[in-house]
Amino acid sequence: MRVRLEQIRKTFGSVVANAGVDLELRPGEVVALLGENAAGKSTLMKCLYGYVRPDSGAFYVDDQRVEIASPRVARGLGIGMVFQETSSIGALSVRENLALGAPRAPFWSRTRSRVVEQSLEQLRTLAPELDPRSAARDLSSGERQLLELAKVLGREPRLLILDEPTSLLTRPEAERLWAHVRTMATAGHSVVMITHKLEDVAQAADRVVVMRAGQVVHESREVCDRAALLQAMLGESAAAVRTESQPKSSPRTAAARSCARGVSAAAGTARIEDVCFELRAGEVLGIAGVTGNGQELLARVLAGVVRPRSGQLRLDDTELSLDDPQVRSAIAYVPDQPRQQGCAQDLSVLVNLAALQVPQWPVLSRRRFGRDQAAELLERFDVRPRDLDRPAGTLSGGNLQKLVVARELSRSPRLIVVCFPTLGLDVRAARHILDELLAQAHAGAALVWISEELDPLLEHADQIAVMYRGRLRGPIAAASATRAQIGAWMTGVSEAALGASA
Amino acid sequence: MRVQLTASGLGVRAVAAPPKQRRTFPRLRSRALNTSATTAIIFAAFSSAFFWAIGQSPIRLFAALYDGVLGSGFAFSETLVKAAPILLCSLATALPARVGLISVGGEGQLAIGAIGGTALVLSAGDRLGWLTLPAMLLSAALAGAAYGAVPGLLRAQLRVNETISTLLLNYIAAPCVDYLVYGRWKDPDSLGWPSTIAFPDAARLPTYFDTRIHLGLFLGLFAVLAAWFFATRTRSGLILDLLRSSPELMQRAGVSWARRTVVLLALGGACAGIAGIAEASVIEGRLQSGVGAGAGYSGFLVAFLARGRLLAILPCAWIVASLAAAGDNLQLSAGLPSSIVYVLQGFLFAAALIAQHRSAEAAA
Amino acid sequence: MIEILYGLLIGFVPAMIRSATPLLWALLGETITQRAGIINLGTEGQMLVGAATAFGVAANTNNPWLGLASGALAGSALSIGHAVLCLRYRANQFASGLSVWMIGFGLSAYLGSSFVGQSIDGFAPLSAVLGVSIPLLGDLTPTIVLAWLASALIAVFMDRTRPGLALRATGESPSAARTAGIPVTFVQTSAILAGGLLSGIGGAALSIDYAQTWAEGMSQGRGLVAVGLVIVARWSPLWAVPAALLFGAAEVMSLRMQAAGATVSAHLLHTLPYVVSLVVFM
C-alpha cells in the first residue's frame, strides 16, 4: 500500500503545526519521522490517522484520493496508530484489555476471537515473559506500551504508525521492538516511527525524514549519519533577536544559593533519578529536553509540592523540607499547567494574586485587601483585562500565565522554578516575562528554567542541562556548551557514539 | 469534587459533578433567581403529575400545602419549629462543603448530640439549677462534634470517603439511642414506647411567643449567620475557598487541609448535636427512639438547594420545613399518609438537581 | 442458661439465611451498578417500592410470583430516576440517590397505606413443595434459592462474557472504555436499571417472603447498608453471599436476644454490620 500526503497544513490557533508537508510512504519501508518538540511530527501522523482534520491538503492511498474523516475510516484503510498515552485498564487482565478493542465476538466468550489471538501472538514475540492473565496494572510502563502495540497489531494494519515507541522501553524491549519493526517491513508493511531518538532511527529505519517548525527540512537514507541528523533537527540558531537583556555584571558570592544532591522522586508514571546541580545567587540554570522526560516532576520537587524519595535539597544553607513554610515562601514556582495547578479558577484575580500570602493577612480582612498592590502587579505584567474582580478562570491562557508569573515573582523569591514559562505566549509577552525573570536573577535570585526551546536557554543561561528519561545530563557551563552536545543529550546519544559517526 | 473510588481493589469511579456551583460574578444574582424559578416550576410539574396520578386534584392539594404553612399563625409557627433542626443540620453538610467534602452525617450527629445532652440531664438532675440548660447544650454540641470528627479523621488520615463513612455512622448512631432508651435510661413508666424520663423544667429549652418556637431556632439562625460571616468576611473563610479551589496552591502556602477537614466536620456535628438535644428537650420532652426523625437528611437537602451559599440556607430550610408541615395538613385534609411528604421532598431535590444542571449548562 | 443457648442455636442457620436474603438481592443489584462506576443510594427506596408493590399485587392476586415480578418492575422503574439525574443531568450521585430514596420511601408509604398490618401466605418452603422434610435447608423458599443462583450467574456474567467485560471496563475507566468503542452511557443506564430490578426483588422478598407483611420503612436501612457492603464484598457477587449472611446473623442474634430477655445488647448488635463495613472500609 502506497500512501502519499500532499501539502498537509494544520494550524491550532496561531500556531502552525504543519506548514504544507509532503510525505511518501512505501510498502516494505520503515520511515523515521525525526524532530524536536512541536516540530509537527505527531500532528502530521494524527492527520493521517484521522484523529485530527487538516486545514488543507490531500491523502492518496495507492494513488487514489481518500478522505480520512476519523480513526475508524483510517483503520478501514488499513492504517493503525499506536499512541504514546496508554489506554489500558489497570484492573483488567492483559487478555481482557486486548479483547476490549476487538470486533464483535460471540456473546458467551469474552476473548475468543481471531483478532485477540493474533494480538496475543504479537505480544508473545514482543514480550515473551508476559503472562496474559496478569492484570494490566501490574505491568511495567514498557510492557503497557507493548500491550498497546499488540492491540493495534492484532488488526493487521498495512501501515503502522508508532508515536515515540521506545520512550518507556528497556533496552532489551527496545531491541525486540526494532527487530519486530524490521520483520514487518520485510513482510511488506509500511511503518512510520515518530521519534526524537537517534538510536531508533539508526536501528530500525530505512529512511529518515527530519521535521522542524512544521516543515520537512531533511530527508535521506543515511540513517546513521548522526551529525547531519542533529544539525537538521536543531538547525542553526535562529537569528536571535538581540534584546536588552541585562549584562551579567554583579559579582557572585561563592556560596551556593540552591543545590540538589542525589534527588530522586516518583509521582504517577513520572520519575526522576539522582538529580544533582548547584546554583549560585543570580545564576540561571536552563534545563532542556523533550517533554515527558521528568522535567515537570523535577519542578514540582524543587517547588516543594512533591516530596523527594531520597536526596537533599538546599536553599542558602537551609535544607528544604516540605513542612517549612518560611523556607518555601522564598521559592517561586510557575507550573507547567498553570490553569490546573497554579490558580484558583473560580476565585477573583485579586485573590489569586494574593493567594500565597492570605494566611498572613489580618483575621478580619475583607476580600478587597491589598487592591493597590494587586492592581500594580496587573500593570507591571500586562495582564488583561485589568479587572481584579473577575474569576481567574476566565482569563485566556496567556494572561493566566502572566498572572501566575506575576504572583510568584512579586514575593522577591530567592529561588525561582519555572516550567515552560512562555508556552502559549506571543512574542512580546514572552519577551516581557523573560525580562522579568532575568531581572529577578540579576537581583540575586537563583533561576531554574525548564524550557521547551533551546535558543533562549543558550542565550541567557549560565548553566545548561538536559533531562532525559528522568536523569539530568550536565549541567555544564553554557558558554562551553555546543548544540551538538545538547542535541546528543536530548536524543539519548552518548558522546562517544557521536564522535564515532562524525 | 470527584468521588475517587475505583472498583476492584481501589474503589468505584463515580462520575460526580461538583455539587456546589461557586459563582462570584455580580451578574449571577439573576442566575440564582433563574435557577430557583426553574426548580419551582419543575417541582410543581412533578408534584402535579404525581397528585394527578394518585387521583387527587393538584390544585386542592397545593391549597392544602399553602394552608398547612401560611393558613394560620399556628401553622406558621409550626413550620418554624420544624425548620429549626433542619437549619442546624444543614450546617453539618454546608460547613464541610466549604472545602469540598460531602457529608450526610447530620442524622447521626444529631442522635449522638441528643445522647450527649441527655446524659448530662440525667446525671445532673436538679443539682445545676439554671446551669442545666447551657451545660446540656454544651454537652450535646461536644458529643456531636466528636461524632463529626470521626469521619474527619478517617478522611484526613486514612482517606476514607466521607460520604460513605458518615452514612454508615448514621446507621450506627440510631441503634445507640435505642440501646440507651430501651436499657439503662429507660423510664420504667413508659411501657408502650420506651423513652427516658421526661426532662425536668430546667432542662427544657425556653419557647417564645406562646408557640413551640424554641431557643434552638435562634441558635440555628445565629449559627448560620456566624458561618456566613466567617466564610465571607474573614481570612480563614478565604483560605477555605482557596483550599477547595486549588489545594496545591495552599499546600505551598503551608495550609493544612487535614486539620480544617476535621474542624469543619466537627463544627457541623456540633450544630447537628444541638438540633438533637433541642428536639429531645422541647418537642419530645424526653429522649426516645427516632429522635430528630429525618432532620439530618432534610438538612442535606437544604444544603444542596442552597448550593453552598450560606445565607440561602435560611429560605431553603424554611421551604423544606414547609413541605414537612404541609405533609401533616395533607394527612388531615386528604387522608394521605404523612410520609407522602418525603415524595415531595424528593421531587424538590430532583428538581433542584435538574435546574442546577441546566443553569450550569447555560453558563458554559 | 443452657435453654437460652439452645433456643438461640436451634434454627439459627435457616433464620440467618432467610434474614440475609432480601439484603443479598439488594447487594447483587448494587454490585452490578457499582461495577459500572455508579453509586446508587436510592437502593433503599427501590427496595421499599418493590416491597410495597409486591405485597399489594401478591395480596390481591394471591400469587407470590406475580408479586415478585411486580416488585422487580417497581424497583427498576424508580431507578430510572437515578439514571436520568446522574447521567443526563450530571447530578452528584449521592444527591441523586438520596432524592430517589426519599421519593421511594414516600411512594412506598403511599402504595402500602392500604395494606398496613395485613399478612399473606407468601411462598411455600422447599420441604412443602417436595413433600419431604429436609433438615436445616427444608425452610428454604424460592427467593433464597434464586438469590444464590443469581449470585453465581452474575459472577459468570461479569467474568466470562463480553457484556460483563464491557461493564467492568466502564466502571474502571469510562474514558478508556469509550475509546474502545463501548457505549458507556448505555452500559451505565443498564447497570442502574438492573440494580433497580434486583433491589426491587429484594424488597419483594422482604415483604412477601420474610416478613409476610407490609410496614412503612420496613427495609430499615438494608438498602443503604447494601451500598456500603458492596465495597466490603470487594464488588464480587460471590462474596456478597457471606457479607449478607453476616448481616443476617447479626440481625437474627439481636432478635433472639430480645426475645430471650436480653434486650439491651440487642441494639448494639444491630450496629455490628455497619461497624464491620466501616472498619473494613478503612
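Residues numbered from 1 in each chain as written. Chains lettered and ligands numbered in written order. Predicted model: local features only at pLDDT ≥ 70, side-chain atom pairs only at ≥ 80, totals over all residues.

Chemist: Which residues make up the sheet that holds strand β2 (residues 15-25) of chain A, and what values go with them?
Modeler: Residue and element names in this part refer to chain A. Reading across the sheet, the 4 strands line up as β2-β1-β4-β5 and stay open at both edges, with antiparallel pairing between neighbours. The open sheet is flanked by β2 and β5 (64-66), the only strands paired with a single partner. Each adjacent strand pair in this sheet contributes to an overall mean axis angle of 30 degrees, direction not counted. Pairing geometry for strand β1 (residues 3-12) and strand β4 (residues 56-61), over 5 bridges, is antiparallel. Within β4, the residue paired with R4 across the bridge is Y60. The sheet strands contacting helix α1 (residues 41-48) are β1, β2 and β4, and the helix crosses β1 at an angle near 120 degrees. (Pairing = 2+ DSSP bridges. Helix = DSSP H or I, 4+ residues; strand = E, 2+ residues; numbered from the N terminus. Axes fitted to C-alpha atoms, helices over the stretch in contact; angles between N-to-C directions. Contact = placed C-beta atoms within 7 Å.)

Chemist: Outline the sheet that holds strand β9 (residues 207-212) of chain A, supporting the account with residue identities and numerical values.
Modeler: Residue and element names in this part refer to chain A. Strand order in the open sheet formed by 6 strands is β6-β7-β8-β3-β9-β10, and the pairing between neighbours is mixed. Looking along the sheet, the strands with just one partner apiece sit at the ends: β6 (79-82) and β10 (215-220). Averaged over all neighbouring strand pairs, the angle between strand axes comes to 20 degrees, with direction disregarded. Of the strand pairs in this sheet, strand β3 (residues 30-34) and β9 are connected by 4 bridges, and their pairing is parallel. When the bridges of β9 are listed, A32 appears paired with V208. Sitting on the sheet, helix α5 (residues 141-153) touches β6 and β7 (159-163), and the angle it makes with β6 is about 170 degrees.

Chemist: Got a sec to walk through the confidence of the model for chain A? Specific residues and values, please.
Modeler: Residue and element names in this part refer to chain A. Overall, the predicted model of chain A reaches an average pLDDT of 82, with 89% of residues at or above 70. The low-confidence segment residues 237-252, where pLDDT is below 50, has 17 contacts with residues more than four positions distant or belonging to other chains. For the stretch residues 498-502, pLDDT sits under 50, and the model shows 9 contacts to residues farther than four places along the chain or on other chains. (pLDDT = per-residue confidence, 0-100.)

Chemist: Summarise helix α7 (residues 215-233) of chain B; cite the residues concerned and give the values.
Modeler: Count 3.6 residues to each turn of an α-helix, and residues three or four apart come out pointing the same way. Residues and elements named next belong to chain B. In a regular helix each residue adds 1.5 Å, so 19 residues correspond to 27 Å; α7 covers 26 Å between its end C-alpha atoms and thus fits that length. Every buried residue of α7 is accounted for by G216, L217, L219, G220, A223, V224, A227 and A231. Buried residues of α7, viewed axially, fall in a sector of 160 degrees; they line one side. Those residues of α7 that are exposed and aimed more than 90 degrees away from the buried face are F222 and A226. (Expected span 1.5 Å × (residues − 1). Buried ≥ 20, exposed ≤ 12 C-beta atoms within 10 Å, placed from the backbone. Arc of directions from axis to C-beta.)

Chemist: Which residues make up unusual backbone geometry, and what values go with them?
Modeler: Backbone torsion omega between G474(A) and P475(A) reads 0 degrees, so that peptide bond is classified as cis. Considering the arrangement of structural elements, one finds P475(A) in strand β20 (residues 471-477). Even without glycine at this site, D382(A) takes up a positive phi of about 55 degrees. For D382(A), the position within the fold is in the loop between α13 (371-381) and α14 (397-409). Positive phi values are uncommon outside glycine, yet R234(C) reaches one of about 55 degrees. Structurally, the position occupied by R234(C) is in the loop between α11 (222-232) and α12 (240-259). Classification of R234(C) by C-beta neighbours within 10 Å gives partly exposed; the count is 15.

Chemist: I'd like a rundown of helix α6 (residues 171-186) of chain A, residues and numbers included.
Modeler: All names here are of chain A. Compared with an ideal rise of 1.5 Å per residue, which puts 16 residues at 22 Å, α6 spans 23 Å between its outermost C-alpha atoms and is within 8% of the ideal. Buried within α6 are the following residues: A174, L177, W178, V181, M184 and A185. Seen end-on, α6 carries its buried residues on one side only, within an arc spanning 120 degrees. In α6, the exposed positions that point more than 90 degrees away from the buried face belong to P172, T183 and T186. Remark: G188 follows α6 within two positions and exhibits a positive phi of approximately 105 degrees.

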